[in-house]
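Summary of the model geometry
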Amino acid sequence: MILDCIVIGGGPAGLMACNQLEGHKNYILLEKNDKVGKKLLLTGGKRCNITNNLPVRDFIESLHMPHKRFLYPALTQFGPKDVIQFFDLRGLELDLEQNFKYFPKTGKSQSVLDALLKGIKTERIHYKEPAKKISKQGDLYLVETDLDTYLSKNVIIAVGSNAYPTMGSSGDALVFAKYLDIPYKPYTPAETYLFSDKVKQQDLDLQGVALTTKVRINQDKKTHDGDILFTHFGVSGPIILHISELIYDRLLKEKVTLYITLTEVEPIPVFHQARTTKDTILTTLETMTSKRLAKKVLDVSGIENKRVSDMKKTEVERLNQLLTAFPIPIDGVEVKEKAFVNAGGIDVKALNPQTMETIQSPGLYFIGESTDLQGPIGGFNITIALSTGRLAAKHIVSKG
């Protein structure tokens, strides 16, 4: 029997594709694990940040990729608002948190998976049956597994990247692409932690300190706003995950130092005001930042803790510099296998942005994290997975 479509990979992209194919095409889903959505269940602290409240234009402008406009066709047809409506129609209400991120009202990622599975017949899913090889057979595709071989008019590859391979994302997309001669980019870490020898050796007393701040990379004028956390190995937190892909690329070319703002006020006027009192430098610093950061700034400055009225102008300038641009040299980025998301994958130049179909091999589609399409934390990646999965399947349905 010749199938209309084989979907390979049961993450959010593959499951969305199945939802669109169901009732229209004869298809199967090949899943290497004993259950689908294993990685999805872990996202957002097992709560699953599904999407966000950004309009499509702002959503795309928030991405780091130089080729981010590739996503316009997918997202204009199925953007954040459409994602919310999709789950609402399947009985899953979403809550808006921090006026930005949408999570399931149940607080459980399992609810998201259940909603995605609701539109798929159980017999369509072949568990513990990974695709081993894909080859062309005239106008058809031959998909081989350890258990069987299948012929299909279309194949959708949704096997993810190389992030968290224990969840099944072992980079198979690039294996298939290499065999089928589809252009791709090697996977690299994105959305992950940063390592700093300085923090490990000199700033361990800051471990656990968290703050909402501005971060600048090297001498860039652009700053990145968000929460940061000092750890035993370096720095983490939402803003660090957000810029880690940029850091990885910079480290390939040059040394990288993060400059972190430690206070929300202008330090120099505060020091001028403190000159009229008997306040010490440390006491004054503590009015501008946390006690641990205040002590760290004073220690790093090498200035003795005296009255502010006894400070030299150069000492005020030194403390101002540390408060507004505290330096953290970065020595590395977490490996791609431990990153939450990978950059790289199928080169989008090889794909039709209107359909996710490969240009040189009609009937072959790559979607979700299998492609070189990714975003920061905040529901971006799941939205991209859902929208590209829907786009590919809709195109297959439209073929008649």
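Quick notes on the rules
Residues numbered from 1 in each chain as written. Predicted model: local features only at pLDDT ≥ 70, side-chain atom pairs only at ≥ 80, totals over all residues. Heavy atoms only, no water. Axes fitted to C-alpha atoms, helices over the stretch in contact; angles between N-to-C directions. Helix = DSSP H or I, 4+ residues; strand = E, 2+ residues; numbered from the N terminus. Left-handed = near helix turned anticlockwise from the far one by under 90°. Contact = heavy atoms within 4.5 Å. Nonpolar A, V, L, I, M, F, W, Y, C, P; charged D, E, K, R; others polar. Buried < 20%, exposed > 50% of the residue type's maximum accessible area, 1.4 Å probe, protein only. UniProt positions renumbered as here; feature names shortened; annotations may be inferred. Pairing = 2+ DSSP bridges. Salt bridge = Lys/Arg side-chain N within 4 Å of Asp/Glu carboxyl O.

Concerning the packing of helix α1 (residues 12-21) against helix α14 (residues 380-398)
- One can describe the packing of α1 onto α14 by two numbers: an axis separation of 7 Å at closest approach and a directional angle of 35°. As for how α1 packs across α14, the hand of that crossing is right-handed. Together, P12, A13, M16, A17, Q20 and L21 of α1 and A385, L386, G389, R390, A393, K394, I396 and V397 of α14 make up the contact between the two elements.
- Of the residues contributing to the contact of α1 with α14, the split by class is ten nonpolar, two polar and two charged.

Section: helix α7 (residues 172-180)
- Considered for burial, the residues of α7 that qualify are D172, A173, L174, F176, A177 and L180.
- One or two residues past the end of α7 sits D181, with phi positive at roughly 65°.

Brief notes about unusual backbone geometry
- Non-glycine residue N218 carries a positive phi angle of around 50°.
- Accessibility expressed as a relative area gives 12% for N218, which makes it buried.
- Here M356, not a glycine, exhibits a phi torsion of approximately 70°, which is positive.
- Residue position: M356 is located in the loop between β20 (341-346) and β21 (364-366).

Concerning the UniProt feature "domain: RsdA/BaiN/AoA(So)-like insert" (unreviewed entry) in the protein chain
- Annotation from UniProt places "domain: RsdA/BaiN/AoA(So)-like insert" (unreviewed entry) at residues 189-341.
- Helix makes up 37% of residues 189-341 and strand 24%, and the two end C-alpha atoms of the span are 7 Å apart.

With respect to the pairing of strand β17 (residues 256-260)
- Across the five residues of β17, five count as buried, placing the element largely inside the fold.
- In β17, alternate side chains face the same way, and those of V256, L258 and I260 on one face and T257 and Y259 on the other are all buried.
- Strand direction decides the pairing type here: strand β14 (residues 210-217) and β17, joined by three bridges, are antiparallel. Within β17, the residue paired with R216 across the bridge is Y259.
- Pairing geometry for β17 and strand β18 (residues 326-330), over five bridges, is antiparallel. Its bridge partner lying in β18, T257 is registered against P329.

Here we look at the pattern of salt bridges
- Counted by the stated rule, this structure contains 21 salt bridges.
- Close ionic contact of E93 with K105 constitutes a salt bridge, the shortest N to O distance being 3.5 Å. Separated by twelve residues along the polypeptide, E93 in the loop between α5 (80-89) and β5 (94-97) and K105 in the loop between β6 (101-104) and α6 (109-117) bring together distant segments of the chain.
- On the basis of relative accessibility, which here comes to 46%, the residue E93 falls in the partly exposed class.
- The partner of E357 in a salt bridge is K399, and the shortest N-O contact between them spans 3.5 Å. In this pair, E357 sits in the loop between β20 and β21 while K399 sits in the segment after α14, placing the two residues 42 residues apart along the sequence.
- A relative accessible area of 12% places E357 in the buried class.
- Its relative accessible area of 41% is what places K399 among the partly exposed residues.
- Look at the salt bridges and you will find they share partners, linking K198, D203, D205 and K296 into a network.

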